[in-house]
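Remarks on the overall topology
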Amino acid sequence: MAVHGTDPTVVLSPTGESNDEQESDLRSQISSLQSRIKELERENKRLVTLISRCQCSSSKEENVIAAIVTTLSSSDSIGEEKVDNEVVSTTAYEAASDGKGNEEKIFGLKLESRERPDPHVKTMKSCTKRYIALQIMYFGQRYYGFASEATAEPTVEAEIFKALERTRILVGDRKESNYYRCGRTDRGVSSAGQVISLFVRSNLKDNAGNTSTTESKQEIDYVRVLNRVLPRDIRVIGWSPVPTDFNARFSCLSREYKYMFWKGSFDIEKMKEGAKRFVGEHDFRNFCKMDAANVRNYRRHITSFDIFYTNQRSNDDELWEMRIRGSAFLWHQVRCMVAVLFMIGQGFESPDIIDTLLDTNKIQRKPQYNMAPEPPLILRSCQFKDVRFSCSSGANHALVEDLRKEYHNYLLQAAIFHEALDCLCPSEDGSAGFERKKIRHVPLVLRQTEPSYEERLANLKIKVPS
């Protein structure tokens with residue numbers, strides 16, 4: 001800007017702008033830079049204050065401090081990155097990093113405000129997803145039950161989530177996936193039809209409310225992908241799109257269990273007579289492991305309870321099975337019912353004992369007795385309205401081949417055991433068998449009892465005062 005005397009002469013720049021306009025632009029830029037310097041000074045002061053509050057003993061931490069201080073001293077090298085609506089120092093973050101994307105702890109204080117989001121998680125959360133039900137088969141001999149809340153590992157559920165995460169099918173974490181399971185089987189129990197529901201990644205662009213399988217050729221082959229990484233004793237056998245209000249637990253109409261057993265000397269007819277007493281709606285608190293903290297209603301409806309011969313024999317014995325269908329079951333209910341039926345089959349109890357134990361006014365405390373063993377129990381199926389499970393032909397073929405291979409392996413093992421039996425030496429006295437020790441049975445109504453529901457509830461209130 002040139003001023004001569006009192007006569008201001010306006011000189012235009014080569015671009016056509018007046019000097020006043022240029023001056024205004026320069027002042028605006030200077031003001032912006034000054035504001036930026038103040039922001040950097042505040043950031044510098046905050047980090048130095050954080051460092052000064054801590055004590056450092058290791059050379060690694062000293063190196064981290066030096067890196068941060070060096071970075072802060074050169075303000076013009078500090079860029080800004082916005083994470084979760086908070087402006088953070090990018091270079092300072094990198095100085096506090098181990099170089100592998102993992103943030104260090106500065107003097108034991110983790111810089112939580114400087115956590116850089118995982119780009120993979122961000123991508124997964126933004127991808128297309130859909131709500132589906134998965135049908136699961138598993139052989140429970142080596143698992144501590146289905147639910148991952150078990151006190152020991154491994155569990156079936158934990159292995160399923162490992163597979164979901166490894167294949168990138170899981171969207172977000174378990175809580176965000178709206179996950180539900182139909183039932184939680186005990187340690188050692190198997191299933192041919194467990195069902196879970198959750199949100200998963202999808203190849204389709206729009207899945208809002210989409211419950212059709214007509215586009216399955218373009219969709220992820222969930223069965224095949226998951227089975228490639230699951231343990232051999234856990235298999236996904238089908239999937240189905242379901243509405244978002246579907247709940248694998250509460251949407252289930254009925255569940256069917258099977259319990260396999262060798263006939264031996266059991267009186268099957270008396271066991272069938274006792275099984276009929278279970279059919280209908282009853283209070284089954286004397287046929288379960290009572291969970292007073294979480295369960296208040298012990299009434300359950302059994303729709304059918306049948307005992308069948310499977311047409312399989314071994315060692316002059318017959319393989320039979322119990323089929324129990326009901327809307328829902330209590331903890332250990334099936335194994336308790338089977339245990340009492342075994343007592344009836346052995347002649348230790350009358351079929352009338354079923355009616356006696358179902359009368360909770362008469363028998364308010366459950367008699368103490370052992371449950372039936374868990375390995376022969378199978379969760380056979382779970383029924384839902386308008387849910388049709390399916391899998392691709394390739395996935396189905398792989399499932400059939402895997403099961404046939406495992407079946408043949410077990411047949412070989414059985415043949416080896418049979419050969420071992422044939423090779424045993426005869427007994428010294430030449431007898432073909434031995435006399436089994438007689439079991440001393442105490443009638444159920446005369447046994448010691450467990451605390452009643454009311455007593456358990458009272459104990460809980462004492463332990464956890466309100």
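In every chain, residue numbers begin from 1 and rise along the written sequence. Whole-chain, interface and lining totals are the exception, using all residues; otherwise, since this is a predicted model, local features are given only for residues with pLDDT of at least 70 and side-chain atom pairs are given and counted only at 80 or more. The basis for every side-chain value is the complete set of heavy atoms in the structure, and neither hydrogens nor water enter the calculation.

**Some remarks on unusual backbone geometry**
- Omega for the peptide link from glutamate 153 to proline 154 comes to 5°, which places this bond in the cis form.
- Elements are defined by DSSP. Helices are runs of H or I of four residues or more, strands are runs of E of two residues or more, and each kind is numbered from the N terminus. For proline 154, the position within the fold is in the loop between strand 7 (129-138) and helix 5 (156-166).
- Unusually for a residue other than glycine, asparagine 315 sits at a positive phi of about 50°.
- With respect to the element layout, asparagine 315 can be found in the loop between strand 13 (299-314) and strand 14 (317-326).
- Throughout, exposure labels follow a simple rule: accessible area from a 1.4 Å probe, protein chains only, divided by the maximum for the residue type, with under 20% read as buried, over 50% as exposed, and the rest as partly exposed. Asparagine 315 gets classed as exposed once you look at its relative accessible area, which sits at 61%.
- Backbone geometry places histidine 332, a non-glycine residue, at a positive phi of 65°.
- Residue position: histidine 332 is located in the loop between strand 14 and helix 8 (333-345).
- For histidine 332, a relative accessible area of 13% corresponds to the buried category.

**Focus on the confidence of the model for the protein chain**
- For every residue, the predictor states its confidence as a pLDDT score lying anywhere from 0 to 100. In this model, the protein chain carries a mean pLDDT of 80, and residues with pLDDT of at least 70 account for 74%.
- Residue range residues 1-15 is modelled with pLDDT below 50. Its contacts to residues more than four positions away, or to other chains, number twelve contacts.
- Contact between two residues is taken to exist if any of their heavy atoms lie within 4.5 Å; hydrogens are not considered. Taken as a whole, residues 55-124 scores under 50 in pLDDT and shows 95 contacts with residues more than four places along the chain or in a different chain.

**Let's talk about the pairing of strand 14**
- Relative to strand 14, strand 11 (residues 254-262) is paired through eight bridges, and the arrangement is antiparallel. Paired with phenylalanine 261 across the bridge in strand 14 is tryptophan 320.
- As paired elements, strand 13 and strand 14 share ten bridges and run antiparallel to each other. The partner of arginine 313 across the bridge, within strand 14, is glutamate 318.
- Hairpin connection between strand 13 and strand 14: a loop of two residues separates the two successive antiparallel strands, and asparagine 315 in this loop has a positive phi of roughly 50°. Strand pairing is assigned whenever DSSP detects at least two bridges linking the two strands.

**What about the environment of asparagine 370?**
- Looking at the secondary structure, you find asparagine 370 in the loop between helix 9 (352-358) and strand 15 (377-383).
- The exposure class assigned to asparagine 370 is exposed, which follows from its relative accessible area of 68%.
- Sequence separation between asparagine 370 and valine 340 is 30 residues; the distance between their C-alpha atoms is 9.2 Å.

**Topic: the side chain of glutamate 219**
- Among the secondary structure elements, glutamate 219 is positioned in the loop between strand 9 (190-201) and helix 6 (222-227).
- Taking relative accessible area as the criterion, glutamate 219 reaches 6% and is therefore assigned buried.
- Polar side-chain contacts of glutamate 219 include one of 2.8 Å to the side chain of arginine 130.
- Pairs of N or O atoms are called polar contacts if they sit within 3.5 Å, as long as, within protein, a hydrogen donor faces a hydrogen acceptor (for residues adjacent in sequence, only side-chain-to-side-chain pairs). Polar side-chain contacts of glutamate 219 include one of 2.6 Å to the side chain of serine 202.

**Section: the environment of valine 442**
- Looking at the element boundaries, valine 442 is found in the loop between helix 10 (393-422) and helix 11 (453-463).
- Given a relative accessible area of 29%, valine 442 falls into the partly exposed group.
- For the pair valine 442 and tyrosine 369, spaced 73 residues apart in the sequence, the C-alpha separation amounts to 9.8 Å.

**Considering helix 5**
- Extensive coverage of helix 5 is indicated by the burial of eight of its eleven residues.
- Among the residues making up helix 5, those that are buried are Val156, Glu157, Ala158, Glu159, Ile160, Phe161, Ala163 and Leu164.
- Buried residues belonging to helix 5 abut strand 7, strand 8 (180-181), strand 9, helix 6 and strand 10 (234-241).
- Phi turns positive, to about 65°, at arginine 168, one or two residues after helix 5.

**Regarding the packing of aromatic side chains**
- Any two rings among Phe, Tyr and Trp, with Trp reduced to its six-membered ring, count as a pair given centres within 6.5 Å; such a pair is stacked if its planes are under 30 degrees apart, edge-to-face if over 60, and tilted if neither. Within the structure shown, the criterion is met by 16 aromatic pairs.
- Taking the centre distance of 6.3 Å and the plane angle of 70° together, the rings of phenylalanine 284 and phenylalanine 287 count as edge-to-face.
- Given a relative accessible area of 0%, phenylalanine 284 falls into the buried group.
- Taken together, the ring pairs in this structure connect Tyr259, Phe261, Phe266 and Phe342 into an aromatic cluster.
- Cation placement over rings: the criterion is NZ of Lys or CZ of Arg within 6 Å of the ring centroid and within 35° of the ring normal. For the cation-ring pair, arginine 323 lies above phenylalanine 308, with the distance from its terminal atom to the ring centre recorded as 4.2 Å.
- Sitting above the plane of the tyrosine 369 ring, lysine 366 keeps its charged end 4.9 Å from the centroid.

**A word on the pattern of salt bridges**
- One side-chain nitrogen of Lys or Arg within 4 Å of one carboxyl oxygen of Asp or Glu is enough to make a salt bridge. Scanning the model with the defined rule gives 24 salt bridges in all.
- Across the salt bridge formed by arginine 174 and glutamate 157, the nearest N and O atoms sit 3.2 Å from each other. You can see arginine 174 sitting in the loop between helix 5 and strand 8 and its partner glutamate 157 sitting in helix 5, a full 17 residues away along the chain.
- Relative accessible area serves as the criterion here: at 29%, arginine 174 is assigned to the partly exposed category.
- With its nearest N and O atoms 3.5 Å apart, the salt bridge here joins aspartate 186 to arginine 335. Pair noted here: aspartate 186 is in the loop between strand 8 and strand 9 and arginine 335 is in helix 8, with a separation of 149 residues, a long-range link. Taken individually, aspartate 186 and arginine 335 each receive the classification buried, so the pair is uniform in this respect.

**Regarding the nonpolar core**
- The nonpolar core is taken to be a set of buried Ala, Val, Leu, Ile, Met, Phe, Trp, Tyr and Cys residues, with the residues joined through side-chain atoms within 4.5 Å. Ranked by internal contacts, the top residues of the largest apolar core, which has 56 residues, are Phe261, Phe287 and Met322.
- Per-element tally for this core: the top contributor is helix 8, with ten residues.
- If you look at the next biggest cluster of nonpolar residues, it comprises 29 residues, including Met137, Leu170, Val223 and Val236.

**Side note on the side chain of asparagine 227**
- By secondary structure assignment, the location of asparagine 227 is in helix 6.
- Reaching out from asparagine 227, the side chain makes a polar contact with the backbone nitrogen of valine 236 at a distance of 2.8 Å.
- Ignoring any residue separated from it by four or fewer positions in sequence, one finds asparagine 227 in contact with Arg235, Val236 and Leu399.

**Describing helix 7 (residues 268-276)**
- Of all the residues in helix 7, the buried ones are Ile268, Met271, Gly274 and Ala275. Down the axis of helix 7, the buried set is contained in an arc of 120°. They therefore lie on one face. In helix 7, the exposed positions angled more than 90 degrees off the buried face are occupied by Glu269 and Lys276.
- A side-chain oxygen of the first residue of helix 7 lies 3.3 Å from the backbone nitrogen of glutamate 269; this N-cap is aspartate 267. It is the directions from the helix axis to the C-beta atoms whose arc is reported.

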